[in-house]
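Structural features, examined
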Amino acid sequence: MLDAQTSSKTPVTVLTGYLGAGKTTLLNRILSEPHGKRYAVIVNEFGEIGIDNELVVGADEEVFEMNNGCICCTVRGDLIRILEGLMKRKGKFDAIIVETTGLADPAPVAQTFFIDEEVGRKARLDAVVTVADAKWLSERLKDAPEAKNQIAFADVILLNKVDLVTGDELDEVEGRIRAINPYARVIRTTKCDVPLDAVLDKGAFDLDRILALEPAFLEAESHDHDHAHGHDHHGHDHHEHGPDCGCGHDHAAGEDHGHEHHDHGHGEHSHGGLKHYHDEDMQSVALEIPGDVDPAKFMPWVNDLAQTEGQHFLRWKGILAFKGEPRRFVFQGVHMILDGDLQREWKPDETRRSKMVFIGKELDEPKLRQGFEACAA
Ligand SMILES: Nc1nc2c(ncn2[C@@H]2O[C@H](COP(=O)(O)OP(=O)(O)OP(=O)(O)O)[C@@H](O)[C@H]2O)c(=O)[nH]1
């Protein structure tokens, strides 16, 4: 599971966003600017799936069905074949961009980089970039679940078409975005005019920035509604991931449901009066241990968590200080699939601490917190 080869892997940016938001505009910008990099672009017409519900599976999709019948690990067979073809030509390009169709669920695309061993060895998911239409996103969040998922999945969100809305409308839509995903970097753009280094080659999903947001601060920012949803535990107990699922990856797992929302709008950009909203079904949880964790406790916990609760986690990420290990353990996951490795060393002036964030549904924050804290070294 601990593989320290990340840096030599080709970075892959998954570009998503609802119909007409501006994905092609961004892609054209990336391809026409003189950045000196060579990108291979995969424009995905694969996914007319996920339109009605996530169980509608296209012919090109390979599904790992778990013992209990849960189908949450899905891999795009056609995407794998394309990626493998590209990898054989390694050296001819520096990075890969996958543009997904506006209606696609980003999960199967993101999971491909973790589940398929061959692809996972050579490519790493660099970031999920979502283009959002400032004028229409709020409406789509009400009627299009995939629009909400695309926001929840994002590491970077381009809030595009700012020319079409007023400042107040912009604050409103950004507040809605923050309610769903407080961790993504939100950049306001017209015609996707963004410095490309803000979207490409982010490495580890900008994890340092995400995890630098203090959980307590996030909580404090979220008011005007109460967070205490009750939420039910579904007690599933499914997946059989791990060694038997055929994914051949390390799924870390963990378990627990949780929930709890922070909707809070802030981030590193403070656009003044962002409104705080509460999203009914998307939640986030941030956890921190002010020191080391014991990998002998953490690994089994996280693996179990993935198996029992992974279906609730759209994205989860973490940076851990493992006792006795000079390097940082960094992981990211999509549902029950996790990928992690030891990366750079902790710097002398850096405090060793361990953090995790979860974005998903029905998250049981107290249980997650308790489980994580029990991993302290
Ligand atoms: N006013 C305005 N129009 C924009 C902006 N960005 C893109 N557009 C226009 O919006 C339309 C859709 O942009 P695309 O880049 O094709 O969007 P897309 O997400 O690739 O669309 P699909 O492929 O249909 O999912 C085009 O006519 C763009 O010129 C913007 O910032 N402001």
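Owing to the predicted nature of the structure, the values given are computational and were not obtained by experimental measurement.

**Description of the overall build of the chain**
From N to C terminus, the chain includes 11 helices and 13 strands. Residue pairs in contact within the chain that sit at least 24 positions apart in sequence constitute 80% of those at least 6 positions apart.

**Overview of the nonpolar core**
Core analysis: the largest hydrophobic core is formed by 73 residues, its most contacted members being Ile96, Phe113, Phe298, Trp316, Met356, Phe358 and Phe372. With 19 residues, the next largest nonpolar core counts Ala21, Leu26, Ala95 and Ile187 among its residues.

**Section: the pattern of salt bridges**
Tallying each qualifying case throughout the model produces 20 salt bridges. With a shortest N-O distance of 2.6 Å, Glu288 and Arg353 are connected by a salt bridge. With a gap of 65 residues between them, Glu288 in strand β9 (residues 283–289) and Arg353 in the loop between β12 (337–345) and β13 (354–360) connect regions that are remote in the sequence. Glu288 gets classed as buried once you look at its relative accessible area, which sits at 19%. Here Arg353 falls in the partly exposed class, since its relative accessible area comes to 29%.

**Some remarks on helix α1 (residues 23–32)**
Along α1, the residues that are buried comprise Lys23, Leu26, Leu27 and Ile30. Around the axis of α1, the buried residues are gathered within 100° of arc, so they sit on the same side. Looking at the packing, one finds that the buried side of α1 touches β1 (10–17), β2 (39–43), β5 (95–99), β6 (123–133) and β7 (156–160).

**Section: the side chain of Arg315**
Within the secondary structure, Arg315 is located in strand β10 (residues 313–321). Separated by 2.3 Å, the side chain of Arg315 and the backbone oxygen of Phe153 make a polar contact. A distance of 3.2 Å separates the side chain of Arg315 from the side chain of Asp155, its partner in a polar contact.

**Topic: the UniProt feature "domain: CobW C-terminal" (unreviewed entry) in the chain**
As annotated in UniProt, the feature "domain: CobW C-terminal" (unreviewed entry) corresponds to residues 282–376 in the numbering used here. Each end of residues 282–376 is marked by a C-alpha atom, and these two atoms are 28 Å apart; helix forms 25% of the span and strand 42%.

**Overview of the sheet that holds β5**
On the basis of which strands lie adjacent, the open sheet formed by six strands has the order β2-β5-β1-β6-β7-β8 and parallel pairing. Two strands in the sheet have a free side with no partner beyond their single neighbour: β2 and β8 (185–188). The sheet shows a mean angle of 20° between the axes of neighbouring strands, direction not considered. Relative to β6, β1 is paired through eight bridges, and the arrangement is parallel. Note on β6: the bridge partner recorded for Gly17 is Val131. Against the sheet, helix α3 (residues 106–115) touches β1, β5 and β6, its axis set at about 170° to β6.

**A look at the site of the ligand**
The environment of the ligand is formed by 14 residues, the closest being Lys23, Thr24, Thr25, Asp163 and Lys191. Measuring from an oxygen atom of the ligand, one finds a backbone N or O atom of Ala21 at 3.2 Å. In this structure, Lys23 approaches the ligand through a side-chain N or O atom, which is 2.8 Å from an oxygen atom. Across the shell around the ligand, the residue classes tally to four nonpolar, six polar and four charged.

**Thoughts on the pairing of β12**
Across seven bridges, the pairing between strand β11 (residues 327–334) and β12 is antiparallel. Residue Val334 lies in a different strand from β12, and its bridge partner there is Ile337. A loop of two residues connects β11 with β12, the two strands running antiparallel in sequence, and His335 in this loop sits at a positive phi of about 50°.

**Quick word on the confidence of the model for the chain**
Here the chain shows a mean pLDDT of 73. Residues at 70 or above account for 68%. Looking at the elements of the chain, mean pLDDT is at its lowest for helix α9 (residues 215–221), recorded as 44, and at its highest for helix α11 (residues 365–373), recorded as 95. Low confidence marks residues 65–70, where pLDDT is under 50. Its contacts with residues over four positions away, or in another chain, come to 14 contacts. In the model, residues 215–271 has pLDDT below 50 throughout and makes 205 contacts with residues more than four positions away in sequence or in other chains. In the model output, the complex is listed with pTM 0.73 alongside ipTM 0.97.

**What about the environment of Asp201?**
For Asp201, the location among the structural elements is in the loop between β8 and α8 (207–212). Apart from residues lying up to four places away in sequence, Asp201 is in contact with Pro11, Lys37, Arg124 and Asp126.

**Side note on the pairing of β9**
Counting buried residues in β9 gives seven out of seven residues, a clear majority hidden from the surface. Neither face of β9 is exposed, since Gln283, Val285, Leu287 and Ile289 on one face and Ser284, Ala286 and Glu288 on the opposite face are all buried.

**Focus: α11**
Of the positions making up α11, those classed as buried are Glu365, Leu368, Gly371 and Phe372. Looking down the long axis of α11, one finds its buried residues gathered within 135° of arc, a one-sided arrangement. Facing away from the buried surface of α11 by more than 90 degrees, the exposed residues are Pro366 and Gln370.

**Focus on the packing of helix α10 (residues 295–309) against α11**
Direction vectors running N to C along α10 and α11 enclose 155°, while the axes themselves pass 9 Å from each other. What the angle tells us is that α10 and α11 run roughly antiparallel. The residues of α11 that touch α10, namely those facing Phe298, Trp301 and Leu305, are Leu368, Gly371 and Phe372. Of the residues belonging to the contact of α10 with α11, the class tally is five nonpolar, one polar and no charged.

About the criteria used
- Residues numbered from 1 in each chain as written.
- Predicted model: local features only at pLDDT ≥ 70, side-chain atom pairs only at ≥ 80, totals over all residues.
- Heavy atoms only, no water.
- Helix = DSSP H or I, 4+ residues; strand = E, 2+ residues; numbered from the N terminus.
- Contact = heavy atoms within 4.5 Å.
- Core = buried A, V, L, I, M, F, W, Y, C linked by side-chain atoms within 4.5 Å.
- Buried < 20%, exposed > 50% of the residue type's maximum accessible area, 1.4 Å probe, protein only.
- Salt bridge = Lys/Arg side-chain N within 4 Å of Asp/Glu carboxyl O.
- Arc of directions from axis to C-beta.
- Polar contact = N/O pair within 3.5 Å; in protein donor to acceptor, adjacent residues only side chain to side chain.
- UniProt positions renumbered as here; feature names shortened; annotations may be inferred.
- Pairing = 2+ DSSP bridges.
- Axes fitted to C-alpha atoms, helices over the stretch in contact; angles between N-to-C directions.
- Near = heavy atom within 4 Å.
- Nonpolar A, V, L, I, M, F, W, Y, C, P; charged D, E, K, R; others polar.
- pLDDT = per-residue confidence, 0-100.
- Parallel < 35°, antiparallel > 145°, perpendicular 65-115°, else oblique.

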